[in-house]
Each structure stands twice: as structure tokens, then as C-alpha cells.
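Listed here are the chains, written in short residue letters.
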Amino acid sequence: MAKKYTENRKKIFNLITNSEKPLNADQIYDILRPDVNLSTVYRGIEYLQSKKLIRSVSFGSVIKYFYSSNQHKHFLYCEDCHEIMVFNDCAAEKLQKAVTKKFNFNIDDHVFYFVGTCEKCQKKRGDM
Ligand SMILES: [Zn+2]
Ligand SMILES: [Zn+2]
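Cut-offs used in this document
- Residues numbered from 1 in each chain as written.
- Chains lettered and ligands numbered in written order.
- Predicted model: local features only at pLDDT ≥ 70, side-chain atom pairs only at ≥ 80, totals over all residues.
- Heavy atoms only, no water.
- Pairing = 2+ DSSP bridges.
- Helix = DSSP H or I, 4+ residues; strand = E, 2+ residues; numbered from the N terminus.
- Contact = heavy atoms within 4.5 Å.
- Axes fitted to C-alpha atoms, helices over the stretch in contact; angles between N-to-C directions.
- Parallel < 35°, antiparallel > 145°, perpendicular 65-115°, else oblique.
- Left-handed = near helix turned anticlockwise from the far one by under 90°.
- Donors = N, O, S within 2.8 Å, 3.2 Å for Na, K, Ca; no water.
- Buried < 20%, exposed > 50% of the residue type's maximum accessible area, 1.4 Å probe, protein only.
- Tetrahedral: all angles 85-135°; square planar, octahedral: opposite > 155°, others 65-115°.

Focus: the sheet that holds strand 2 (residues 54-57)
1) Next: Reading across from one edge, 1-3-2 is the order of the three strands in this open sheet, with antiparallel pairing throughout. On the outer flanks of this sheet lie strand 1 (23-24) and strand 2, each paired with one strand and no other.
2) Next: The pairing of strand 2 with strand 3 (residues 65-68) spans four bridges and is classified as antiparallel. Within strand 3, the position partnered with Val-57 by the bridge is Tyr-65.
3) Next: Lying on the sheet, helix 3 (residues 38-50) is in contact with strand 2 and strand 3; it crosses strand 2 at an angle near 110°.

See below:
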């Protein structure tokens, strides 16, 4: 039983780590079923988050998307089609230093994303 738990966690972790885009619980379940059920997915996610192996981002809704802690990612989120795009350039370091100093706050990480309209949806809007 315990071994099975570990295996499932590993599967969930590998899936999140190898995915270009962050994944939500339903998407993970869709890929891993029927080997793994949804409650196992949720429990696995909870465990991985408690160990800080994965991080989450939610784009103004209750749905959480998960990505690996050892990949520094930032996101573009299209409010029209809910597409998520990933970019890796980080401009936060300078700001982080300034804020750390000002508030005497120990920063571990940051979650950063832009919200807007993707190229496809801009074109669609233009057609109307
Ligand atoms: Zn879009
Ligand atoms: Zn960053």
C-alpha cells in the first residue's frame, strides 16, 4: 500500500516536471487514469506541495495549476480562451532586493503572470 502511494506521487511529480505548461488536477487525472483516481491525484499534489517540490498558480479563479519548484517559470494568461503560455525571463530580482530591504522580509519565491488577450483571440475580436 505504502509503495503504491510513493509510486503514484512519483508519477504525478514526473508529469508536472516534464510538462511545458502548468497542469491542474483534472488534467493530471485525465492523463493518469485509470491507474490513479482523482482523490489520489489531490493527495499527491498536497504532499508534493507540502514538500515544496511543486508550486501553484491560479489565474484569478479557484482552479490551481501546478509546476515544478526547480523550474523558474512565468506565465501569460489569456482571459478569452484561458490559454496559458510560459516564459522564463525573470525581471524580478532587482525589485526583490529593494522590497526585501524595505520590509525586512525574507522572500523565498515569487509567482508572476500577465493577464490579457492572446494573438489568436485578438484576431477573433478584430473579425467581429
Ligand atoms: Zn486567447
Ligand atoms: Zn521570476
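Brief notes about the packing of helix 1 (residues 2-18) against helix 2 (residues 25-32)
1) Next: It is the contact of helix 1 with helix 2, at a shortest axis distance of 11 Å, that shows an interaxial angle of 115°. Between helix 1 and helix 2, the angle is such that the two are roughly perpendicular. Crossing of helix 1 against helix 2: the hand is right-handed. Contacts from Lys-11, Ile-12, Leu-15 and Ile-16 in helix 1 reach Ile-28, Ile-31 and Leu-32 in helix 2.

Focus: the coordination of the zinc ion (ligand 1)
1) Next: Note on the zinc ion (ligand 1): its protein donors are Cys-78 (SG), Cys-81 (SG), Cys-118 (SG) and Cys-121 (SG). The metal-donor distances range over 2.3 Å.
2) Next: Donor residues binding the zinc ion (ligand 1) come from one chain and are separated in sequence as C-x2-C-x36-C-x2-C. With Cys-81 in the loop between strand 4 (74-78) and strand 5 (84-87) and Cys-118 in the loop between strand 6 (113-116) and helix 5 (119-127), this residue pair connects regions lying 37 residues apart in the sequence.
3) Next: Judged by its relative accessible area of 33%, Cys-81 is partly exposed.

Digging into the coordination of the zinc ion (ligand 2)
1) Next: Summarising the metal site, the zinc ion (ligand 2) is bound by the protein donors His-72 (NE2), His-74 (NE2), Cys-90 (SG) and His-110 (NE2), whose distances to it range over 2.0 to 2.2 Å.
2) Next: If you look at the zinc ion (ligand 2), its four donor atoms make angles of 98 to 133° with each other, and the shape they trace is tetrahedral.
3) Next: Positions of the donor residues of the zinc ion (ligand 2) along the chain correspond to the pattern H-x1-H-x15-C-x19-H. Taken together, the residues span a long stretch of sequence, with His-74 in strand 4 and Cys-90 in the loop between strand 5 and helix 4 (92-103) at a distance of 16 residues.
4) Next: A relative accessible area of 1% means that His-74 is categorised as buried.
5) Next: Judged by its relative accessible area of 38%, Cys-90 falls in the partly exposed class.

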